[in-house]
Amino acid sequence: MIIIKNKKQINGIRKSSKLARQTLLEVGKHIKPGVSTEFLDKIAVDFIKKHKAIAAPLNYGGFPKSICTSINNVVCHGIPSSKEILKDGDIINVDITTILDGYYGDTSITFGVGEISKQAQQLIDVTKKAMVLAIKKLKSGRKLNDCVGQTIDEYISTFAYSAVRQFGGHGVGIKFHEEPLVFHYRLQEHYDNLKNNPILKEGMILTVEPMINASLEWEVKIDENDGWTVRTIDGALSAQFEHTILITKNGHEVLTKLEEENL
Ligand code: MF3
Ligand code: CO
Ligand code: CO
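Quick caveat: nothing in here was measured; it's all calculated off a predicted structure. (Residues numbered from 1 in each chain as written. Chains lettered and ligands numbered in written order. Predicted model: local features only at pLDDT ≥ 70, side-chain atom pairs only at ≥ 80, totals over all residues. Heavy atoms only, no water.)

## Topic: the coordination of the cobalt ion (ligand 3)
The condition is simple: Sodium, potassium and calcium take a 3.2 Å donor cutoff, other metals 2.8 Å, and in both cases only N, O and S atoms count; water is not among them, so sites may look incomplete. Note on geometry labels: four donors, all angles 85 to 135 degrees, give tetrahedral; four donors become square planar and six octahedral when opposite donors are over 155 degrees apart and every other angle is between 65 and 115; remaining cases are irregular.
Binding of the cobalt ion (ligand 3) to the protein goes through Asp-95 (OD), Asp-95 (OD), Asp-106 (OD) and Glu-242 (OE), at separations of 2.1 to 2.3 Å. Around the cobalt ion (ligand 3) sit 6 donor atoms; with metal-centred angles ranging over 59 to 167°, the donor geometry is irregular. For the cobalt ion (ligand 3), the single-chain donor residues occur in sequence as D-x10-D-x135-E. A separation of 3.3 Å is found between the cobalt ion (ligand 3) and the cobalt ion (ligand 2), which are bridged by Asp-106.

In structure tokens form, the structure reads like this:
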């Protein structure tokens, strides 16, 4: 069931979402060549603790760290490590989920490390814009996949890119992952039903978090050794951006956006 959040829950989720974003921007300040992803994890943990919250990923389904750090061909769920050192030209997605007073906020950005290639920058720009265009469509009364999957598919169709299908966005707030599953590609007709493509209602909270591969190959594979790290199967770069969004009567509110930020 999709949870419709009440005022109190919305306020709590809004606070956690802002903290997640602040944490993410704080981590972003430390991204440069020579830094380990374990160090970024520590920056996040210290910041989250200082604000009396908890990092949601730690021990979630056995995940061993507090944030996800996904470099280059890693699509998502990369595990921070002291052996993994950022180098000039890398791209890295940092994904932060906080629990504050029991409420969840979930957000991510793909950053460039030092100077990155034109191709990498274009992938980042297109992935961010795909997320933004989808978010802008969200409004009560509209169907979820018409706003998100269709918009993203249409926008990326002029690039040799593809949207990952094996992972999606999700309802969020009371738990880490709630219904509905948010597909970032257009659902085929026989999958286009009320469960997969619900009508948006005021008080729903969900994430939009497209993972875009710089390849027409959307397939990904999970690392057999750690059981988490998701990679493109052809080694292509992959980028991702994520926001937590509240559906309102007249549109939406991006809960993970700070006042001083533009979408
Ligand atoms: N933050 C991710 C998301 O956007 C989920 C990470 S699950 C973890 O849904 F266990 F890897 F942390
Ligand atoms: Co998410
Ligand atoms: Co996330």
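## Here's the deal with the packing of aromatic side chains
Our working rule: For this analysis, a ring pair means two rings from Phe, Tyr or Trp (six-membered ring only for Trp) whose centres lie within 6.5 Å, classed as stacked if their planes differ by under 30 degrees, edge-to-face if by over 60, and tilted for the remaining angles. Secondary structure elements follow DSSP: runs of H or I no shorter than four residues count as helices, runs of E no shorter than two count as strands, and numbering proceeds from the N terminus. In this scheme, a residue with accessible area under 20% of its type's maximum is buried, one over 50% is exposed, and one in between is partly exposed, where area comes from a 1.4 Å probe on protein chains only.
Scanning all chains against the criterion turns up 6 aromatic pairs. Judged by centre distance (5.0 Å) and plane angle (90°), the rings of Phe-63 and Trp-228 are edge-to-face. Residue Phe-63 is found in the loop between β1 (54-55) and β2 (68-71), and its partner Trp-228 is found in the loop between β11 (220-222) and β12 (230-232); the two are separated by 165 residues along the sequence. Aromatic side chains Phe-159 and Tyr-161 sit 5.4 Å apart centroid to centroid with 10° between the ring planes, which places their arrangement in the stacked category. Owing to a relative accessible area of 23%, Phe-159 belongs among the partly exposed residues under this scheme.

## Points about the coordination of the cobalt ion (ligand 2)
Note on metal sites: the ideal angle is 109.5 degrees for four tetrahedral donors, and 90 or 180 degrees for six octahedral donors. Within the first shell, the cobalt ion (ligand 2) binds the protein through Asp-106 (OD), His-170 (NE2), Glu-209 (OE) and Glu-242 (OE), at distances of 2.0 to 2.2 Å. Coordination geometry of the cobalt ion (ligand 2): the 6 donor atoms subtend angles of 51 to 161° at the metal centre, consistent with an arrangement described as irregular. Of note, the donors binding the cobalt ion (ligand 2) are all from one chain and are spaced D-x63-H-x38-E-x32-E. Here Glu-209 falls in the buried class, since its relative accessible area comes to 7%.

## Concerning the nonpolar core
The following threshold applies: By nonpolar core is meant a set of buried Ala, Val, Leu, Ile, Met, Phe, Trp, Tyr and Cys residues that side-chain atoms within 4.5 Å join together. By the convention used here, residues are in contact when the closest approach between their heavy atoms is within 4.5 Å.
Counting 54 residues, the largest nonpolar core has Ile-92, Val-94, Ile-96, Leu-138, Val-148 and Val-208 as its most contacted members. Dropping the residues within four chain positions of it, Val-94 is found in contact with Leu-24, Val-27, Ile-31, Ile-67, Cys-68, Thr-107, Ser-108, Ile-109 and Phe-111. Core analysis: the next-biggest nonpolar cluster, separate from the first, contains 11 residues, Ile-10, Tyr-104, Leu-246 and Leu-255 among them.

## Let's talk about the site of ligand 1
Selection rule: Here a residue counts as near a molecule or strand whenever at least one of its heavy atoms sits within 4 Å of it. Between N or O atoms, a polar contact is any pair within 3.5 Å; within protein, one atom must be a potential hydrogen donor and the other a potential acceptor, and residues adjacent in sequence are included only when both atoms are from side chains.
Lining the immediate surroundings of ligand 1 are 14 residues, of which Pro-57, His-170, His-177, Glu-209 and Glu-242 lie closest. Contacts to ligand 1 include Asp-106, whose side-chain N or O atom sits 3.1 Å from an oxygen atom. Within the side chain of His-177, a nitrogen or oxygen atom sits 2.8 Å from an oxygen atom of ligand 1.

## Comments concerning unusual backbone geometry
Here the bond from Glu-179 into Pro-180 is cis, since omega is 0°, no more than 30 degrees from zero. By secondary structure assignment, the location of Pro-180 is in strand β8 (residues 178-182). In the Ramachandran plot, Asp-101 falls in the positive-phi region, its phi being about 50° despite a non-glycine side chain. Looking at the secondary structure, you find Asp-101 in the loop between β4 (91-100) and β5 (103-112).

## Some remarks on the packing of helix α3 (residues 118-137) against helix α5 (residues 149-156)
The condition is simple: Axis lines are fitted through C-alpha atoms, for helices just across the contact stretch, and the angle between N-to-C directions can take any value from 0 to 180 degrees. Crossing chirality is assigned from the near helix's rotation relative to the far helix, an anticlockwise turn below a right angle marking it left-handed and a clockwise turn marking it right-handed. Here the nonpolar group is Ala, Val, Leu, Ile, Met, Phe, Trp, Tyr, Cys and Pro; Asp, Glu, Lys and Arg are the charged ones; every other residue, Gly included, is treated as polar.
Two numbers describe how α3 lies on α5: the axes approach to 9 Å, and their chain directions differ by 145°. Two packed elements cross with a definite hand, and for α3 against α5 that hand is right-handed. Residues Val-126, Lys-129, Ala-130, Leu-133, Ala-134 and Lys-137 of α3 pack against Thr-151, Ile-152, Tyr-155 and Ile-156 of α5. Grouping the constituent residues of the contact of α3 with α5 by class yields 7 nonpolar, 1 polar and 2 charged.

## Focus: the sheet that holds strand β10 (residues 211-213)
Our working rule: Any two strands are treated as partners once DSSP identifies two or more bridges connecting them.
Ordered by their spatial adjacency, 3 strands build an open sheet running β6-β10-β13, and the pairing between neighbours is antiparallel. A strand with exactly one partner marks an edge of an open sheet, and here the two such strands are β6 (162-163) and β13 (238-240). In this sheet, β10 lies alongside β6 in antiparallel orientation, the contact comprising 2 bridges. Bridging across to β10, Ala-163 finds its partner in Ile-212. Against the sheet, α3 engages β10 and β13, with an angle of about 35° to β13.

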